[in-house]
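Chain and residue survey
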Amino acid sequence: MSIAKVPCTIVTGFLGAGKTTLVRHVLENANGRRLAVIVNEFGDVGIDGEILKSCGIESCPEDAIVELANGCICCTVADDFVPALKGLLDRPSPPEHIVIETSGLALPKPLVKAFNWPEIASRVTVDGVVAVVDGAAVAAGRFADDPQEEVFEDQILCADLVILNKADLMSADDVASVTGQIGKTLPRAVKVVEAENGRVPIDVLLGLGAKAESDLASRPSHHELEGEHDHDDFDTFIIDLPTFAAPQALVDRMVSAAEQHDVLRMKGFVDIAGKPMRLLVQGVGARIQHHFDRKWPAGDARQGRLVV
């Protein structure tokens, strides 16, 4: 019997950095590799899991995508993460590689530590921690203040690879400036890769061989200095949305709300009158994107919902 450990890639990054887009890119370019995904969300409604399940990838069926909602994976390791991981490993055809997408407010180091738990230590290894950075948001000064700054820095400090995402929204000077900021934060030599819409070659993302759980000392964390990690500085809630005649009417309202109330992130599905497909809307601050992603599930109510 093979005793090789199943490699796991942890994808971290602040709210709206593009983690789900990157994970979806991995699934769509798996080249037959049998994958599984654990996705953690801060809100009660599983938007990210729904996005990933719409891929229709044979090597990663819907039942191999596990959603852990209503919490922060770094705070619920024993209750949520370890059982979910064991469930995937115990499948008749276990995955060859597991991708773990944390919530945007999670700290990756406690999750890396969990790979040393006796229940899973002999079966899995952290192939690498990939930190996805919204380059445009950093350039705009989004992470200049606490508490966002500490969460953002902890995610970078634990990384084996940094993806400077949304490079298409940045000038050359912005790219140089943000890359310099990231380099000053990193405690060790870590490669920074520019990307648009999370499109990074799979061979760059998977197969890092970091064994991060055995390299904890080189990954400092604000969490260890403070002794606690909570999300009291952040609020999340869900809005049930009516049917809209056209996407722009919703986008205008989202932009107004983000500007008036300093909303960090909005994500959800919307019913557009006369359209058979659901509209996926995503906002980072007042930057709103939308597209029709898939048909509404047969038999389900076309209920629009937005996580804020």
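These figures come from a predicted structure and were not determined experimentally. (Residues numbered from 1 in each chain as written. Predicted model: local features only at pLDDT ≥ 70, side-chain atom pairs only at ≥ 80, totals over all residues. Heavy atoms only, no water.)

This next bit is on the overall build of the protein. Each helix and strand in the protein was counted, giving ten helices and twelve strands. Counting every position in the protein, which comprises 308 residues, the buried fraction comes to 53%. A separation threshold of at least 6 residues defines the contact pool for the protein, and within that pool the share at least 24 residues apart is 79%. Counting every atom, the protein has about 13,900 Å² of accessible surface; 49% of that belongs to carbon and sulfur. (Helix = DSSP H or I, 4+ residues; strand = E, 2+ residues; numbered from the N terminus. Buried < 20%, exposed > 50% of the residue type's maximum accessible area, 1.4 Å probe, protein only. Contact = heavy atoms within 4.5 Å. Areas by Shrake-Rupley, 256 points an atom, 1.4 Å probe, with all protein chains shown as cover.)

Attention now moves to the pattern of salt bridges. Per the counting criterion, the structure on display carries twelve salt bridges. Notably, a salt bridge pairs D215 with R219, separated by 3.3 Å at the nearest N-O pair. Residue R219 is classed as buried on the basis of its relative accessible area of 1%. In this structure, D240 and R305 form a salt bridge, with 2.8 Å as the shortest nitrogen-oxygen distance. Of this pair, D240 sits in strand β8 (residues 238-241) while R305 sits in strand β12 (residues 304-307), and the two are 65 residues apart along the sequence. (Salt bridge = Lys/Arg side-chain N within 4 Å of Asp/Glu carboxyl O.)

Right, let's get into the sheet that holds β12. Pairing is antiparallel across the open sheet formed by five strands, whose spatial order is β8-β12-β9-β10-β11. Each of the sheet's edge strands pairs with one partner strand only, and the pair in question is β8 and β11 (287-295). Between one strand and the next, the sheet's axes are offset by a mean angle of 15°, whatever the strand orientation. Two elements, β8 and β12, share four bridges in a ladder whose sense is antiparallel. Bridging across to β12, I238 finds its partner in V307. (Pairing = 2+ DSSP bridges. Axes fitted to C-alpha atoms, helices over the stretch in contact; angles between N-to-C directions.)

Taken as a whole and judged by the stated rule, the model has three aromatic pairs. Relative to F143, the ring of F14 lies with its centre 5.1 Å away and its plane at 85°, an arrangement referred to as edge-to-face. Residue F14 is found in the loop between β1 (6-12) and α1 (19-28), and its partner F143 is found in the loop between α5 (135-139) and α6 (148-157); the two are separated by 129 residues along the sequence. When sorted by exposure, F14 lands in the same class as F143, which is buried. Measuring from ring centre to ring centre gives 4.3 Å for F143 and F152, while their planes differ by 5°; the resulting arrangement is stacked. The buried category is assigned to F152, whose relative accessible area is 11%. Between R278 and the ring centre of F269, over which it is positioned, the NZ or CZ distance is 3.8 Å. (Phe/Tyr/Trp six-rings, centres within 6.5 Å; stacked < 30°, edge-to-face > 60°. Lys NZ or Arg CZ within 6 Å of the ring centre and 35° of its normal.)

Here we take up the pairing of strand β6 (residues 161-165). Along β6, five of the five residues are buried, which leaves the element largely enclosed by surrounding structure. The alternating pattern of β6 places L161, I163 and N165 and V162 and L164 on opposite faces, both of which are buried. As judged from the five bridges shared by strand β5 (residues 124-134) and β6, these two strands associate in the parallel manner. Within β6, the residue paired with A131 across the bridge is V162. Alignment of β6 against strand β7 (residues 191-194), held across four bridges, turns out to be parallel. Residue pairing across strands places I163 opposite V193, the latter belonging to β7.

End to end, helix α7 (residues 172-185) covers 20 Å across 14 residues, agreeing with the expected 20 Å (1.5 Å per residue, within 8%). Residues of α7 that are buried: V175, V178 and I182. The buried residues of α7 occupy one face: seen down the axis, they fall within an arc of 75°. Projecting away from the buried face of α7 at angles above 90 degrees are the exposed residues A172, D173 and K184. On its buried face, α7 sits against β5, α5, α6, β6 and β7. (Expected span 1.5 Å × (residues − 1). Arc of directions from axis to C-beta.)

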